[in-house]
Amino acid sequence: NFGNMRPKKNKNHLRVVGTNIENYFADLGGYATRKTTPAQQQVKTQKVVKALHKMDADIFAICEMQQGDRAPLMLLAELNKKGNQYDYVNLGLPNQDQISGAFIYNKERVRPYAEWLSAYSAATSHYHTRLIAQGFELLDQKGQPTGKKLIVNVNHFKSKRAGRQAYSTHMRRLANTDSLLIMLPKAVERFEDSDILLLGDYNCYTQEQPIQTLIQAGYEDILMRYDSTGYSYVYHSEAGYLDRVFASPTMAKQVKMVRPYHLNTDYFYSRGFKRGLDKTIFRYADHDPILISIQLVPNHIHHD
């Protein structure tokens with residue numbers, strides 16, 4: 001299976017992974033975790049950690065982690081058991097039963113710079129931490145800055161709904177798109193770079209209007225360049241991409257590989273299988289991660 005073969009990591013390239021980890025909450029109870037036991041959550045943690053170690057990314061752009069710091073800190077405690085390699089971008093928000101984006105990074109390879117940016121200015125907005133951007137700078141082997149930078153943007157658009165709600169959720173995804181396109185020029189200004197990588201769960205297939213709007217705005221649907229017939233999500237035996245990779249024109253020139261890694265969608269829970277008891281690396285979430293390899297050039301505001 002092409003998708004199950006992990007690409008060999010090029011030591012001269014930066015590896016970024018976009019992944020939805022499906023309702024990873026530290027605080028059990030509430031909407032997203034009401035059926036999860038502490039034992040199941042521990043198994044979930046181990047599965048996610050195995051997957052993150054296996055993918056060996058320099059930057060993980062994550063969807064569906066609990067807002068606040070308890071959930072990322074719980075992951076980091078396990079990730080760093082064999083060292084102190086990983087850190088996270090603290091969004092500085094209270095822990096609450098709400099879905100958020102997150103950045104976990106290898107601090108021996110990159111460091112964040114400047115304060116993270118949201119597409120929604122109000123902290124009370126449901127999407128305040130679901131459409132966010134952070135600048136990262138590549139470090140050399142001695143931990144010194146190289147001058148090579150990029151902006152990583154992770155997005156989690158409104159989920160789909162069946163029946164009469166389908167149109168209203170489509171309109172909310174369009175609203176997400178509008179807010180994102182307003183934010184991206186602000187990210188260029190804040191992080192002083194035009195190299196933007198857009199990742200995440202867009203809950204849209206290729207021909208849907210939000211995806212086409214981003215393309216028309218000048219962001220290449222770069223996943224289509226490398227694997228246009230693949231998939232990252234399976235629903236009722238229908239497969240396609242909900243998880244996307246876009247790049248600004250200057251960023252697209254530096255991307256060398258993009259592909260799904262089928263750790264999840266090829267492994268289904270069957271009748272009688274108890275979720276949360278399987279300790280393998282597989283099916284840690286319902287979406288497949290997307291792996292991206294980048295060869296960064298020295299940072300500057302590019303002008304074509």
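Above this text sits the structure in question.
It should be emphasised that the depicted structure is a prediction, and the values quoted were computed from it without experimental measurement.

S.K.: What is the right way to read the sheet that holds strand β4 (residues 96–106) from this model?
M.R.: Strands pair in a sheet through their backbones, by hydrogen bonds, and they do so in one of two ways: parallel or antiparallel. Ordered in space as β3-β4-β2-β1-β14-β13, the six strands form an open sheet in which the pairing is mixed. Each of the sheet's edge strands pairs with one partner strand only, and the pair in question is β3 (86–88) and β13 (255–260). Across the sheet, the axes of successive neighbouring strands diverge by a mean angle of 20°, strand direction being ignored. Note that strand β2 (residues 59–67) and β4 share seven bridges and pair antiparallel. Within the sheet, the bridge partner assigned to Gln67 lies in β4 and is Gln96. Sheet strands in contact with helix α1 (residues 38–55) are β1 (14–24), β2, β3 and β14 (290–294), and its direction is about 165° off that of β1.

S.K.: How should unusual backbone geometry be read in this particular structure?
M.R.: Trans peptide bonds make up the majority, and among non-glycine residues the majority have a negative phi. Positive phi is not limited to glycine here, since Asn23 has a value of about 55°. Within the secondary structure, Asn23 sits in strand β1. Of note, the phi angle at Ala114 is positive, near 65°, even though the residue is not glycine. Structurally, Ala114 can be placed in strand β5 (residues 110–118).

S.K.: Before we go on, may I ask you to explain the packing of α1 against helix α2 (residues 70–79) in this structure?
M.R.: Geometry of a packed helix pair, given as the angle between the helix axes and the separation of the axes. Put simply, α1 and α2 touch, their axes get as near as 10 Å, and they point 60° apart. Between α1 and α2 lies a crossing of right-handed hand. Of the residues in α2, those in contact with Gln41, Gln42, Thr45, Gln46, Val48, Val49, Leu52 and His53 of α1 are Met74, Leu75, Glu78 and Leu79. Its residues assigned to classes, the contact of α1 with α2 shows six nonpolar, five polar and one charged.

S.K.: Please clarify how the sheet that holds strand β12 (residues 243–247) should be interpreted in this entry.
M.R.: Across the sheet, which stays open at both edges, the six strands sit in the order β5-β6-β7-β8-β12-β9 with mixed pairing between neighbours. Bordering the open sheet on either side are β5 and β9 (220–221), each of which pairs with just one other strand. As paired elements, β5 and strand β6 (residues 131–139) share six bridges and run antiparallel to each other. Across the sheet, the residue bridging to Pro112 is Phe136, located in β6. On the sheet, helix α4 (residues 209–216) packs against β9 and β12 and is oriented at approximately 15° with respect to β12.

S.K.: Is there a simple way to think about the pairing of strand β8 (residues 196–201) in this case?
M.R.: Across the six residues of β8, six count as buried, placing the element largely inside the fold. Going residue by residue along β8, you find Ile196, Leu198 and Gly200 tucked away on one face and Leu197, Leu199 and Asp201 tucked away on the opposite face as well. Across six bridges, strand β7 (residues 145–156) lies against β8 in parallel orientation. The residue bridging Val152 from the neighbouring strand is Leu197, located in β8.

Rules used throughout
- Residues numbered from 1 in each chain as written.
- Predicted model: local features only at pLDDT ≥ 70, side-chain atom pairs only at ≥ 80, totals over all residues.
- Heavy atoms only, no water.
- Pairing = 2+ DSSP bridges.
- Helix = DSSP H or I, 4+ residues; strand = E, 2+ residues; numbered from the N terminus.
- Axes fitted to C-alpha atoms, helices over the stretch in contact; angles between N-to-C directions.
- Contact = heavy atoms within 4.5 Å.
- Left-handed = near helix turned anticlockwise from the far one by under 90°.
- Nonpolar A, V, L, I, M, F, W, Y, C, P; charged D, E, K, R; others polar.
- Buried < 20%, exposed > 50% of the residue type's maximum accessible area, 1.4 Å probe, protein only.

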